[in-house]
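Working through the structure, step by step
Residues per chain are reported as follows:
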Amino acid sequence: MKPLGPGRREDVPGQPGRLCQPLQRKAARPSSMSRGMLRRAGPSLRHFLLERNSSAGHSSCSREAKMSRPVQARRLEGIDKNFWVEFVKLAATYSKVNLGQGFPDFPAPDFLTEALTRALSGGSHMLHQYTRGFGHPPLVKVLAQFFEKLLGRDLDPMTNVMVTVGAYHALFCCFQALVDEGDEVIIIEPFFDCYESMVKMAGGTPVFVPLRPNPPKDGKLMSSADWQLDPAELASKFSERTKAIVLNSPSNPLGKVFSRGELGVIAELCVKHDVLCISDEVYEWLVYDGKQHIRIGSLQGMWDRTVVVGSAGKTFSVTGWKVGWVVGPDRLIQHLRTVHQNSVYHCATIAQEAVAQGFQRELMLYGKPESYFVQLPKELQQKRDWLVQSLDDVGMKPIIPEGTYFLVADISQFKSDVPDVPNSDEPYDYRFTKWMVKNKGLAAIPLSAFYSEAHKNNYTNFIRFCFAKEDATLKAANDILQKWKQEKISS
Ligand code: PMP
């Protein structure tokens, strides 16, 4: 059981509502035992005194509260561990340069922060109160207008669009609303890690299909486009138990932008097997080299079976605002609304208002050079190229991403610095990234964290970097890598 927090009430027979805290304090050091006595006692006596005391204290407090039945809901079994907790903490403790977690360290666009300031001080005082649960009306309206343009169909803001607490909550609503016990959900590896646990929490079974790397024969650097689905292998994963497939294009962590042909294969299988598509498009504007982001919901037969997931965090470089959305047919979205109304009411009204104004601006500037959706990918492409160059130069072979703000690199040539431990339970790339942040101050994320348990061990020679960073941050990363290279040469 969780220990009682300070001041938490626990009923003790005969003393209803008595606070446990005084008992716990006593347990730490009885009044008869001074600090000096404790200091003078040898280590084993000190240990004994404290142990005896704390167990006496605990039993007097928790004897009545101790439960023998399991407290954890069964649906949480096997999903309680999350590598982000450990890696975010390691980065916070050791990193001089953090290219791990995916968030920009450059400022949000002025027009958005100004919209927030206006909403905060000059706007209606009602912006500090609850708004419509399924989405602040100005935001759902402008999202509907925007996506009408992108998807080429009429949208009703009240039924085809729903605002969520970031894309994360949108995904949670999708899985809870659409996946039943016994349903299978196809997930393309490598994948944004929460898909697996969210499917399991809903009672479903994830079925994994990997993107297979085909390195170019001419010795050129690999691109995320060289990682492809085998159409026969993908087809073999569909069965009558398949309820949905999760598509993430542009994809985290590889940065793959699925081509029209690849999406066509997926769409055909969805239609043939009457399967839903949960299309995570949070990086929709971050596409490089003139590539185009194709929306699977716009392909024939797909609108009726697709939920599109989006994020203001990625779209406007404000990951901390946690404003996300879903767009799709009412026959699907209505069930997501049921989860939504029974989980959270909504995210901050004021953040939704500012995001709505951001979209108003982008609607006016759509396709123009001043548009943030045109400028941001241009800037990020330069940052990507810079990091590609820097990694290639030191021999950490980058896989050039076609989109997103992530880049995966091959660490094979650096293995001698971090020797393998045979029969270790920990994948090599986990050990490598931990070693790198502790010894070099550079934080990244192991690629195998984005694979299922069964396939993890096939992909332990890669790590993921985030390049949505200030030029100074990328330069500092380059300095670390160059110094490391020199040390390798001279050792
Ligand atoms: N989907 C993908 C693919 C992501 O990478 C992320 C964030 N890393 C999310 C969803 C969640 O987005 P948000 O921060 O809006 O919740």
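Use the structure listed above.
Anyway, here's the lowdown on the structure attached to this text. The structure displayed is predicted, hence computed values, not measured ones.

**Regarding the site of the ligand**
Within the structure, the ligand sits among 14 residues, and Ala167, Asp280, Tyr283, Ser311 and Lys322 are positioned closest to it. Residue Lys314 places a side-chain N or O atom 3.0 Å away from a nitrogen atom belonging to the ligand. When isolated, the ligand has an accessible area of 390 Å², and the protein chains bury 92% of it. Broken down by element, the residue count for the shell around the ligand peaks at four residues, all from helix α7 (residues 166-178).

**Overview of the side chain of Thr433**
Mapping Thr433 onto the fold places it in helix α15 (residues 428-440). Not counting residues up to four positions away in its chain, the partners in contact with Thr433 are Phe87, Ala444, Ile445, Pro446 and Ile463.

**Overview of unusual backbone geometry**
Of the consecutive residues Glu189 and Pro190, the connecting peptide bond is found in the cis state with omega at -5°. Position of Pro190 relative to the elements: it lies in the loop between β3 (184-189) and α8 (194-201). The backbone of Ser317 shows a phi angle near 60°, a positive value even though the residue is not glycine. By secondary structure assignment, the location of Ser317 is in the loop between α11 (312-315) and β10 (324-327). Here the phi dihedral of Asn423 falls at roughly 65°; this positive angle occurs in a residue that is not glycine. Position of Asn423 relative to the elements: it lies in the loop between β12 (406-410) and α15.

**Structural notes on the sheet that holds strand β9 (residues 306-311)**
Read across the sheet, seven strands follow the order β2-β10-β9-β8-β7-β3-β4 without closing on themselves; strand pairing throughout is mixed. In the strand order of this sheet, the two ends are held by β2 (161-164) and β4 (205-210), each with one partner. The average undirected angle you get between the axes of adjacent strands in this sheet is 20°. Of the pairings in the sheet, the one linking β3 to strand β7 (residues 242-248) comprises four bridges and is parallel in character. When the sheet's bridge partners are listed, Glu184 is paired in β7 with Thr242. The sheet strands contacting helix α6 (residues 137-151) are β2, β9 and β10, and the helix crosses β2 at an angle near 120°.

**Thoughts on the pattern of salt bridges**
Overall, the coordinates contain 23 salt bridges when judged by the stated rule. The partner of Asp385 in a salt bridge is Arg384, with the nearest N and O atoms 2.9 Å apart. Residue class for Asp385 comes out partly exposed when judged on its relative accessible area of 36%. Between Lys440 and Glu487 there is a salt bridge whose closest N-O contact spans 2.7 Å. One end of the pair, Lys440, is in helix α15; the other, Glu487, is in helix α16 (residues 471-490), with 47 residues separating them in the sequence.

**Brief notes about the nonpolar core**
Core analysis: the largest hydrophobic core is formed by 98 residues, its most contacted members being Phe175, Phe316, Phe359, Met396, Phe432 and Phe465. It is α6 that contributes the most residues to this core, nine residues altogether. Structurally, this core is a two-domain feature, drawing no fewer than three residues from each of domain 1 (76-106 + 372-490) and domain 2 (110-365). Look past the residues within four positions of Phe432 in its chain and what remains in contact with it is Met396, Ile411, Phe414, Val418, Ile463 and Trp484. The next biggest cluster of nonpolar side chains, apart from the first, holds 42 residues, and it includes Leu234, Cys277, Ile294 and Tyr451.

**Digging into the packing of aromatic side chains**
Across all of its chains, the model carries 32 aromatic pairs by this definition. Taken together, a centroid distance of 5.9 Å and an interplanar angle of 85° make the contact between Phe192 and Tyr195 edge-to-face. A relative accessible area of 18% places Phe192 in the buried class. On the numbers, 6.3 Å between centres and 55° between planes, the contact of Tyr288 with Phe467 is tilted. Taken as a pair, Tyr288 in the loop between β8 (276-280) and β9 and Phe467 in the loop between β15 (462-466) and α16 lie far apart in primary sequence, 179 residues in all. Judged on exposure class, the residue Tyr288 and its partner Phe467 are both buried. Site record: aromatic cluster; members linked through ring pairs are Phe111, Phe146, Trp285, Phe316, Trp325, Phe359, Tyr366, Tyr372 and Phe373. Directly above the aromatic system of Phe258 lies the positively charged group of Lys256, at a separation of 5.1 Å from the ring centroid. It is Arg361 that lies over the ring of Phe111; its NZ or CZ is 4.0 Å from the centre.

**Thoughts on the sheet that holds β12**
Read across the sheet, four strands follow the order β11-β12-β15-β14 without closing on themselves; strand pairing throughout is antiparallel. Two strands bound the open sheet, and with one partner strand each, they are β11 (397-399) and β14 (445-446). As paired elements, β14 and β15 share two bridges and run antiparallel to each other. If you follow Pro446 over to β15, its bridge partner there is Ile463.

Thresholds, definitions, all that
Along each chain, numbering runs from 1 in the same order as the chain's sequence is written. Only residues with pLDDT of 70 or above have their local features reported here, since the model is predicted, and side-chain atom pairs are shown and tallied only from 80 upward, although totals for entire chains, interfaces and linings are computed over all residues. Side-chain measures here rest on the full set of heavy atoms in the structure, leaving out hydrogens and waters. Proximity is defined per residue: if any heavy atom of the residue lies within 4 Å of a molecule or strand, that residue is considered near it. As used in this structure description, the phrase polar contact means that two N or O atoms lie within 3.5 Å; if the pair is within protein, one of them must be able to donate a hydrogen and the other to accept it, and residues adjacent in sequence are counted only when both atoms belong to side chains. The accessible surface values rely on the Shrake-Rupley method and a 1.4 Å probe; as for residues, cover is taken only from the protein chains in view. Numbering goes from the N terminus for both helices and strands, where a helix is a DSSP run of H or I of at least four residues and a strand is a run of E of at least two. Contacts were defined at the residue level, with two residues in contact if any of their heavy atoms lie within 4.5 Å. Pairing between two strands is assigned when DSSP locates at least 2 bridges connecting them. An axis is simply a line fitted to the C-alpha atoms; with a helix, the fit covers only the stretch in contact. Between two such axes, the angle follows the N-to-C directions and lies from 0 to 180 degrees. Criterion for a salt bridge: a side-chain nitrogen of Lys or Arg within 4 Å of a carboxyl oxygen of Asp or Glu. The buried label goes to any residue with under 20% of its type's maximum accessible area, the exposed label to any with over 50%, and the partly exposed label to all in between, with areas taken from a 1.4 Å probe on protein chains only. Take the buried residues of types Ala, Val, Leu, Ile, Met, Phe, Trp, Tyr and Cys, join any two whose side-chain atoms come within 4.5 Å, and each joined set is a nonpolar core. As annotated, the domain borders come from an automatic or database domain assignment. Classification of ring pairs uses Phe, Tyr and Trp, with its six-membered ring standing for Trp, and accepts pairs whose centres are within 6.5 Å; under 30 degrees between planes counts as stacked, over 60 as edge-to-face, and the remaining range as tilted. Our definition puts a charge over a ring when NZ of Lys or CZ of Arg is within 6 Å of the ring centre and also within 35 degrees of the ring normal.

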